[in-house]
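Geometric and topological summary
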Amino acid sequence: RLGRPAPGTSGRPGQSWGHSAPPSRARLEELLRGHGVTLAPAALDKVWQYHQILRRNNHDLDLTRLIGFETIVQRHYADCMILNKFMKGNWPSPLVDIGTGAGFPGIMIKIASPATTVILSEPRNVRVDYLNNTIKEMGLKDISVFGHKFTSKSFDIPVRGAITRAFEPIQKTLPRLQNALQVGGLAMFMKGPGVDEELAGPIPAGYKLVRDERYRIPNTTLDRAFVVFERIA
C-alpha cells in the first residue's frame, strides 16, 4: 500500500487506488472516527472535497506516494487532524506550516479550525500552484502560500505558531524561525518515536520544551510524538 501504484494501476481517477471499499464521504467519516477524529458535517465535506482534488491531481503532480484510500485517510488526514483534539481547537494564529507539500498538516488544520490564519510554506513551484488552486477551489479564507525556501532571511512574517512534519531535525528548524516566531509563540513538531534522539541533543537557545505528547493513532500501528517548544527569548 506504500510506494508507487502497482502495474496496471496508474492512480488516475476511476482506477484502483488499492482500497478495499469504494472511497466515499461516508467511508471517510467511518475511517476518521475509527482513528479518533470526529468532524462536523461541514468540515467533513471539506476533507472529502480535498480528497477529490488530491486524487485528480496526484498522477500528474506526484503529491503523495500513498495509494490506498484507507492509507491516505490514516497517514495524511487522521495523522494531521487528530492534533486539533490535542490543541482543543485553539491554534496559535497566524500559523505557518513549514514544508507543507500537498498541504499537510496546514490545510487539515484550516479545515478543522477555520478561524486560524494559516501560511503554507512550500518551495516547489508545481506544488505552490497546486496549493493556490486548491485554496481557490475549496473557497478557503485567510490561508496563503509562501512559495520559497523557508529560511530565517526569507521568511520574516510575524507568526504566533509554526508547525512541521518534515524530516528535518528540530535543531535545524528552530533557527529558521529566528525572524518570524514571536516571543511566546509555539514551534510544533509532528514526529515519530525517533524524536528521542533529537531531544537528547542541544536545543537552540531561546526555546523551552513545553509539550511532549506520545500517542498511537487509534486502530493503527502508527506511534507518533507531538513535540512543542515555546519561544522564550
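Definitions and cut-offs
- Along each chain, the written sequence defines residue order, and numbers are assigned to residues from 1.
- Per-residue local features are limited, in this predicted model, to residues with pLDDT of at least 70; the limit for side-chain atom pairs, both in listing and counting, is 80 or more; totals at the level of whole chains, interfaces and linings are taken over all residues.
- Heavy atoms from the whole structure form the basis of all side-chain values; hydrogens and water molecules are not counted.
- Stacked, edge-to-face and tilted labels apply to pairs of Phe, Tyr and Trp rings (six-membered ring for Trp) whose centres lie within 6.5 Å, assigned for plane angles under 30 degrees, over 60, and everything in between, in that order.
- The secondary structure listing takes helices from DSSP runs of H or I that are at least 4 residues long and strands from runs of E that are at least 2 residues long, numbered from the N terminus.
- Expected helix span is computed as 1.5 Å times (number of residues minus one).
- For each residue, the accessible area found with a 1.4 Å probe, counting protein chains only, is set against the maximum for its type, and the residue is called buried under 20%, exposed over 50%, and partly exposed in between.
- Directions drawn from the helix axis to the C-beta atoms are what define this arc.
- Think of a polar contact as two N or O atoms within 3.5 Å of one another; within protein, one of them needs to be a possible hydrogen donor and the other a possible acceptor, and neighboring residues in sequence only count if both atoms come from side chains.
- Each nonpolar core is a collection of buried residues, namely Ala, Val, Leu, Ile, Met, Phe, Trp, Tyr and Cys, held together in the definition by side-chain atoms within 4.5 Å.
- Every residue pair with non-hydrogen atoms within 4.5 Å of one another is taken to be in contact.

Digging into the packing of aromatic side chains
- Under the definition given, this model contains nine aromatic pairs.
- Three or more aromatic residues joined by ring pairs form one cluster here, namely Y50, Y77 and F104.

Quick word on helix α5 (residues 125-138)
- With 14 residues, α5 should cover 20 Å at 1.5 Å per step; its first-to-last C-alpha distance of 20 Å lies within 8% of that length.
- For α5, the full list of buried residues reads R127, V128, Y130, L131, T134, I135 and M138. Buried residues of α5 fall within an arc of 160 degrees about the axis and therefore sit on the same side. Residues N125, N133 and K136 are exposed on α5 and point more than 90 degrees away from its buried face.

Re the side chain of E122
- Inspection of the secondary structure assignment puts E122 in the loop between β2 (118-121) and α5.
- Among the polar contacts made by the side chain of E122, one reaches the side chain of R124 at a distance of 2.6 Å.

Focus: the nonpolar core
- One finds L32, Y50, Y77, I107, M108, I163 and F226 to be the most contacted residues of the largest nonpolar core, which totals 48 residues.
- For this core, the secondary-structure elements that each account for two or more residues are α1 (25-34), α2 (41-61), α3 (69-86), α4 (106-112), β2, α5, β5 (181-191) and β7 (223-231).
- Among the elements that take part in this core, α3 stands out by supplying 10 residues, more than any other.
- Leaving out residues up to four positions away in the same chain, L32 has contacts with V37, L39, L44, V73, Y77 and A78.
- With 20 residues, the next largest nonpolar core counts V159, A162, L181 and F189 among its residues.

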